[in-house]
Number of protein chains: 2
Amino acid sequence: MKMARMLEEPGWLRHADKEAGYLVGVSGGADSMALLHFLMSAGFKRLVVCHLNHKSRGEESDRDADFVRGVAAGMGMPFELGNWSHAGGSSFENAAREARHRFFAECAQGHGVRKVLLGHHADDQAETVLWNLIRGSYGLSGMTESQRLTVSGVEMELIRPLLGARKSELRAWLEARGLPFREDRTNLEPVTVRNRLRLEAFPLLDEIAGRDAAAAMARAASDGRELQEIKTWAVEHAAAVDPQGRLHVRRLMELPEPVRRACVFDFLRNAGIPDLDRAAVDRVLAMLEPGAPSKVMLAGGRVVRRKEARLRLD
Amino acid sequence: MKMARMLEEPGWLRHADKEAGYLVGVSGGADSMALLHFLMSAGFKRLVVCHLNHKSRGEESDRDADFVRGVAAGMGMPFELGNWSHAGGSSFENAAREARHRFFAECAQGHGVRKVLLGHHADDQAETVLWNLIRGSYGLSGMTESQRLTVSGVEMELIRPLLGARKSELRAWLEARGLPFREDRTNLEPVTVRNRLRLEAFPLLDEIAGRDAAAAMARAASDGRELQEIKTWAVEHAAAVDPQGRLHVRRLMELPEPVRRACVFDFLRNAGIPDLDRAAVDRVLAMLEPGAPSKVMLAGGRVVRRKEARLRLD
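Small disclaimer: the values here were computed from a predicted structure and weren't measured.

1. Regarding the overall build of chain A
Here is step 1: When helices and strands are counted, chain A shows 12 helices and 10 strands.
Here is step 2: In terms of its C-alpha atoms, chain A occupies a principal-axis envelope of roughly 70 × 50 × 40 Å.
Here is step 3: Counting across all 314 residues of chain A, residues that qualify as buried make up 50%.
Here is step 4: Here the analysis covers contacts within chain A between residues at least 6 apart in sequence; of these, 62% occur between residues at least 24 apart.
Here is step 5: Of the roughly 14900 Å² of accessible surface on chain A, a fraction of 49% belongs to carbon and sulfur atoms.
Here is step 6: Looking at chain A, you have 46 positive and 43 negative side-chain charges, and the mean spots of the two groups are 5 Å apart.

Shown next as structure tokens:
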């Protein structure tokens, strides 16, 4: 009940085309099984069930794959199976995410479908917000309901319709209907950063604060998106770039410092400056002050020059 | 060394008038003692040492007061002592903060001084950011370096020059100079929310993430302030209020949703609508849609009316 309410709230589902084709990432766990059943009961017609066998849990992984294959068969949906195992190098979490993206890109091409539905929910979102905050990402950032991604030359849209639902609601929804799902016991092992945030940090924060910390952090992700959109609009309206694509010094100086900084950041990012960080932006901002150097070197051999009250990037 | 570097970085100190009078809140702990010594050595001339005895730790509290009185005498500075004990009601932390503010207001009037310097540092800031996030404050919010506050009719500016410095740096700075300070052992008791965040949550987050979570959260407060200033600028430039002080419906509809929301929020807040929350803003935003009601009641008996493509507040 509650889940249906959340899923029917404004957002992606309100405007979704139920006749269109979609890939659905299904691990077999509660999150993605709830997503799949919900899409079915909401009347989506052309779903392709995609499962990447991570091979990380031996026979258990194979049984997950068999289960999802069975579910797809039972629902009369096409099933795509990929196999992947971690070859080392980057962390398991990062490597697995990249492998899933490559797998989705293959399925997308095979089926002529570009939209990929994923079962990420509010608790995943809260973990992402907290993790990004600790990592020092700018502002407040979480996952977005819709994310464009190009992998192996395939442009896809990743869609997360369940970001507003709690994990406990998804499980309760499945259990109330007697719908089976697989338990990934590694989710209960406090080994990866995500698992430890979920299993150790959030329970402690809940207890200290006497409130639902994950709910607050998941909501904070919306604030973060909202502020990001306001910033984008502000940069556009600051109109600090002249028709020749140069930064207009006088115009920049009329802006409050944070808006000015955002304009310079945006200008450098659009020019494809690599390794763009606060220090690089600071060096360009310093060029606006009286008596400042009229030339600054940036990463990648790029140069910013001040001439005729404009900053030009060469 | 390191602390001096941080304190001399751009910010309040760069522009501070060292001849002006300031109150300094001094508990006797490392934070405020570092602040006091730093101000002395930076050449501030007219400091008033203000100590509020919280009476919460019996004889220990009285000894703190004696210590700070002695320090002030040794430095040849005026000393103001206030006494306060918690009478119940709101939480100790909130009641103590209010009592300090009232005490500062009295001292401010007595000395004809309006600026109050406080020893809050980066670790305090990190706790504030995390706590506000869990409490569900909008966006990312921490303490500001400068905060205007009116208490008992006295307008004051609270200034926190140490927000960029870590607690460990302040202690190390004092210890390297053999400068004494008082230990408040209740800071080591995991009882209040703040103490538990400091003593339990941050160490766990550091360990999980393998990084300095407090440093990242303290920096995030700057992002939050920056985004807030950009938002303020955006609302101003959206120019959604007409010369008669009404919201301009067509102008609002041209704005992206988050900017529109920020304009409506700002409009209602400036009109002094009590208990302004997201739901109230949503109800006013809904008036912009075709076929919506032309009248919405808000808290405090205030009414928003749509007429001639304007929203007016009565």
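2. Topic: the UniProt feature "binding site: ATP" (unreviewed entry) in chain A
Residue and element names in this part refer to chain A.
Here is step 1: UniProt records the feature "binding site: ATP" (unreviewed entry) at Ser 27, Gly 28, Gly 29, Ala 30, Asp 31 and Ser 32, using the numbering of this structure.
Here is step 2: Mapped onto the secondary structure, Ser 27 falls in the loop between β1 (21-25) and α3 (30-41).
Here is step 3: Those residues in contact with Ser 27, other than ones at most four positions away along the chain, are Ser 32, His 51, Asp 64 and Val 68.
Here is step 4: For Gly 28, the location among the structural elements is in the loop between β1 and α3.
Here is step 5: Owing to a relative accessible area of 0%, Gly 28 belongs among the buried residues under this scheme.

3. Considerations on the sheet that holds strand β5 (residues 146-151) of chain B
All names here are of chain B.
Here is step 1: With mixed pairing, the six strands of this open sheet are ordered in space as β3-β2-β1-β4-β6-β5. Of all strands in the sheet, those bounded by a partner on one side alone are β3 (79-83) and β5. Between one strand axis and the next, the sheet turns through 30° on average, direction left out of account.
Here is step 2: Alignment of β5 against strand β6 (residues 154-159), held across six bridges, turns out to be antiparallel. In the strand pairing of β6, Ser 146 is matched with Ile 159.
Here is step 3: Sheet contacts for helix α4 (residues 59-75): β2 (46-53) and β3; angle to β2, the most-contacted strand, approximately 170°.

4. Examining the pairing of β6 of chain B
Residues and elements named next belong to chain B.
Here is step 1: The element β6 is extensively covered by neighbouring structure, given that five of its six residues are classed as buried.
Here is step 2: In this structure, strand β4 (residues 115-117) lies alongside β6, joined through three bridges in parallel fashion. If you follow Val 116 over to β6, its bridge partner there is Leu 158.

5. Quick look at the UniProt feature "domain: tRNA(Ile)-lysidine/2-thiocytidine synthase N-terminal" (unreviewed entry) in chain A
Here is step 1: UniProt records the feature "domain: tRNA(Ile)-lysidine/2-thiocytidine synthase N-terminal" (unreviewed entry) at residues 22-199 of chain A, using the numbering of this structure.
Here is step 2: Helix makes up 45% of residues 22-199 of chain A and strand 18%, and the two end C-alpha atoms of the span are 32 Å apart.

6. So, the relation of the copies chain B and chain A
Here is step 1: When chain B is fitted onto chain A, the two copies agree to an RMSD of 0.1 Å after a turn of 180° and an axial shift of 0.0 Å. The transformation just described matches what one would write down for a two-fold rotation axis. Distance from the rotation axis, computed per C-alpha, reaches its smallest value in chain B at Ala 234 of chain B: 2.7 Å.
Here is step 2: Taken together, the interface assignments show that 100% of the residues at the interface of chain B recur at the interface of chain A, consistent with an identical surface on both copies.

7. Quick word on the sheet that holds β1 of chain A
All names here are of chain A.
Here is step 1: Spatial strand order, β3-β2-β1-β4-β6-β5: six strands in an open sheet with mixed pairing. For this open sheet the edge positions go to β3 (79-83) and β5 (146-151), each flanked by a neighbour on one side alone. Taking the axes of each pair of neighbouring strands and ignoring which way they run, one obtains an average angle of 30° across the sheet.
Here is step 2: This element, helix α4 (residues 59-75), spans β2 (46-53) and β3 of the sheet and lies at about 170° to β2.

8. Description of the nonpolar core
Here is step 1: With 57 residues, the main nonpolar core has Leu 268 and Leu 298 of chain A together with Leu 268 and Leu 298 of chain B as its most contacted residues.
Here is step 2: Setting aside anything within four residues of it in sequence, one finds Leu 298 of chain A in contact with Leu 268, Ile 273, Ala 280, Arg 283, Val 284, Val 304 and Leu 313 of chain A.
Here is step 3: With 42 residues, the next largest nonpolar core counts Ala 126, Val 129, Leu 205 and Ala 214 of chain B among its residues.

9. Concerning the interface of chain B and chain A
Here is step 1: At the interface, 42 residues of chain B touch 42 residues of chain A.
Here is step 2: Across the interface of chain B and chain A, roughly 4000 Å² is buried in total on both sides, 73% from carbon and sulfur atoms.
Here is step 3: Among the residues of chain B in contact with chain A, Ile 134, Ile 208 and Trp 233 of chain B are the three that bury the most area, contributing 17% of the side total.
Here is step 4: In this structure, the connection of chain B to chain A is made through six salt bridges.
Here is step 5: With its nearest N and O atoms 2.9 Å apart, the salt bridge here joins Arg 196 of chain B to Glu 207 of chain A.
Here is step 6: One can count eight residue pairs in polar contact (both at pLDDT 80 or more) joining chain B with chain A.
Here is step 7: Only α6 (122-135), α8 (193-209), α9 (213-238) and α11 (257-270) of chain B provide two or more residues apiece to the side of chain B that touches chain A.
Here is step 8: Classifying every residue of the side of chain B that touches chain A gives 27 nonpolar, four polar and 11 charged.

10. Points about the packing of α6 of chain B against α9 of chain B
Residue and element names in this part refer to chain B.
Here is step 1: Where α6 meets α9, the closest approach of the two axes is 8 Å, and the angle between their N-to-C directions is 70°. When the axes of α6 and α9 are compared, the pair comes out roughly perpendicular. Residues Ala 122, Asp 123, Gln 125, Ala 126, Val 129 and Leu 130 of α6 pack against Ala 214, Met 217, Ala 218, Ala 221 and Arg 225 of α9.
Here is step 2: By residue class, the composition of the contact of α6 with α9 is eight nonpolar, one polar and two charged.

11. Thoughts on the pattern of salt bridges
Here is step 1: Summed over all chains, the structure comprises 46 salt bridges over all chains.
Here is step 2: Residue Arg 310 of chain A is joined to Asp 242 of chain A by a salt bridge in which the shortest nitrogen-to-oxygen separation is 2.9 Å. One end of the pair, Arg 310 of chain A, is in strand β10 (residues 310-313); the other, Asp 242 of chain A, is in the loop between α9 (213-238) and β7 (247-248), with 68 residues separating them in the sequence. Each member of the pair, Arg 310 of chain A together with Asp 242 of chain A, is buried.
Here is step 3: Residues Glu 257 of chain B and Arg 261 of chain B are paired through a salt bridge, measuring 3.4 Å at the closest nitrogen-oxygen approach. Highlighted residues: Glu 257 of chain B and Arg 261 of chain B, both in helix α11, separated by four residues, approximately one helical turn.
Here is step 4: Residue class for Arg 261 of chain B comes out buried when judged on its relative accessible area of 9%.
Here is step 5: Shared partners join several salt bridges into a network, and the residues in it are Glu 226 of chain A together with Glu 257, Arg 261, Arg 278 and Asp 282 of chain B.

Basis of the calculations
Residues numbered from 1 in each chain as written. Chains lettered and ligands numbered in written order. Predicted model: local features only at pLDDT ≥ 70, side-chain atom pairs only at ≥ 80, totals over all residues. Heavy atoms only, no water. Helix = DSSP H or I, 4+ residues; strand = E, 2+ residues; numbered from the N terminus. Buried < 20%, exposed > 50% of the residue type's maximum accessible area, 1.4 Å probe, protein only. Contact = heavy atoms within 4.5 Å. Areas by Shrake-Rupley, 256 points an atom, 1.4 Å probe, with all protein chains shown as cover. Lys, Arg positive; Asp, Glu negative; His and termini not counted. Charge placed at Lys NZ, Arg CZ, Asp CG, Glu CD. UniProt positions renumbered as here; feature names shortened; annotations may be inferred. Pairing = 2+ DSSP bridges. Axes fitted to C-alpha atoms, helices over the stretch in contact; angles between N-to-C directions. Least-squares fit on C-alpha atoms with pLDDT ≥ 70 in both. Core = buried A, V, L, I, M, F, W, Y, C linked by side-chain atoms within 4.5 Å. Buried area = accessible area lost by both parts, 1.4 Å probe. Salt bridge = Lys/Arg side-chain N within 4 Å of Asp/Glu carboxyl O. Polar contact = N/O pair within 3.5 Å; in protein donor to acceptor, adjacent residues only side chain to side chain. Nonpolar A, V, L, I, M, F, W, Y, C, P; charged D, E, K, R; others polar. Parallel < 35°, antiparallel > 145°, perpendicular 65-115°, else oblique.

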